[in-house]
Amino acid sequence: MKKRPLLQAFAALALLPALTPFTASAQAEDYPPKKTVSLVVGFAAGGAADTAARLIAKKLGDNIGQTVIVDNKPGAGGNIAHQFVANASGDGATLLFGSVGPLTIAPHMMKLGYDPVRDLAPITMGVNFPNVLVVHAGVGVKTLAEFVALAKKKPGSLDFASTGAGSASHLAGELFNVQAGIDTVHIPYKGGAPALQDLLGGRVASYYSTPATAGPHIESGKLIPLATTGLSRPAFMPNVPTIAESGYPGFNATNWYAFVASSKTPKPLLDRWNLELVKVLNAPDVREQLLKHGLTPQPGTRDELARYMASESATWGRIVRERKISAE
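Description of the structure in this document. (Residues numbered from 1 in each chain as written. Predicted model: local features only at pLDDT ≥ 70, side-chain atom pairs only at ≥ 80, totals over all residues. Heavy atoms only, no water.)

**Some thoughts on the pattern of salt bridges**
Move 1: Within the structure shown, the criterion is met by 13 salt bridges.
Move 2: Residue K58 pairs with D62 through a salt bridge whose shortest N-O separation is 2.7 Å. Taken together, the residues span about one helical turn, with K58 and D62 both in helix α2 (residues 48-64) at a distance of 4 residues.
Move 3: Residue K58 is classed as exposed on the basis of its relative accessible area, which comes to 53%.
Move 4: Assessed through its relative accessible area of 49%, D62 is described here as partly exposed.
Move 5: Close ionic contact of R272 with E276 constitutes a salt bridge, the shortest N to O distance being 3.3 Å. One end of the pair is R272 and the other is E276, both in helix α10 (residues 267-282) and 4 residues apart, which spans about a single turn.
Move 6: Assessed through its relative accessible area of 5%, E276 is described here as buried.
Move 7: Each of D115, R118 and D119 takes part in salt bridges that share partners, so that together they form one network. (Salt bridge = Lys/Arg side-chain N within 4 Å of Asp/Glu carboxyl O. Helix = DSSP H or I, 4+ residues; strand = E, 2+ residues; numbered from the N terminus. Buried < 20%, exposed > 50% of the residue type's maximum accessible area, 1.4 Å probe, protein only.)

**Some details on the sheet that holds strand β6 (residues 159-162)**
Move 1: Here 5 strands make up an open sheet; going across it, the order is β7-β6-β8-β5-β9 and the pairing mixed. Each edge of the open sheet carries a strand with a single partner, namely β7 (185-188) and β9 (223-228). Ignoring which end each strand starts from, the neighbouring axes of this sheet average 30° apart. (Pairing = 2+ DSSP bridges. Axes fitted to C-alpha atoms, helices over the stretch in contact; angles between N-to-C directions.)

Shape descriptors only; they carry no functional weight alone.
Written out as structure tokens, the structure reads:
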């Protein structure tokens with residue numbers, strides 16, 4: 001028997017509560033955002049973060065069918081970019097290629113204008129890699145042991161570049177100072193490219209560089225690799241020993257970049273960005289290019305990144321307190 005018109009109307013109305021939230025959510029969280037998407041990087045163009053971001057942004061833009069630009073905001077070890085994104089609107093059009101320093105180290109060293117946990121929402125891990133300690137030929141050393149011997153002979157005469165106070169390269173140098181019992185002086189820069197420029201020019205003695213930044217100059221013989229900072233030798237530098245195997249067991253100071261956004265961004269948008277960025281990081285052509293630059297893709301879930309950031313923060317916070325490391 002057919003339903004009478006009045007009953008049919010009530011039946012239709014009964015479905016509205018179930019449909020309305022979904023419809024409202026879909027309208028409120030348009031994806032992709034109907035504007036140019038900015039991928040903010042906290043370091044100058046030419047370094048590892050910028051290299052990886054540009055590879056990823058190109059593929060991401062192709063996949064979603066709209067423009068994704070890389071917006072370099074160098075300075076303060078990446079903290080300027082992180083604060084910018086923390087203060088951004090939650091429309092999903094501004095993403096951050098965040099780094100280990102501002103996300104998990106700097107909060108223990110200085111007062112920031114943002115809280116990485118409260119103001120930034122995790123999306124997915126991006127890439128990770130060890131740094132490599134390199135020197136220019138004028139320093140006159142070819143091994144880590146020779147570097148340590150020279151530093152002990154002339155305390156305070158050798159310096160090391162980093163991508164800024166509180167960055168992974170800064171902490172690597174400070175940790176090595178402590179473990180090796182030496183006194184090398186920290187010189188902060190606004191990114192890998194300017195640090196490398198001064199190293200090649202002989203204006204700074206050493207640099208805990210990213211493989212992508214130092215690699216071509218190691219191959220040309222302009223820079224000498226002394227050791228890498230992870231627990232095992234990376235595949236792209238099999239002949240360079242680790243600091244850990246060179247007489248300093250347990251030394252481990254790896255670098256990583258992860259995707260985050262303003263915590264004001266709605267969860268459906270964050271989940272969708274995770275889906276799209278994981279797709280990009282798993283793409284064979286992107287993986288190949290990243291690995292060629294010494295960067296290992298590490299796509300994952302939002303929860304996995306949140307747990308990893310908490311673990312890193314606890315580790316680096318303890319080291320900063322124990323070693324009494326402060327920002328310059």
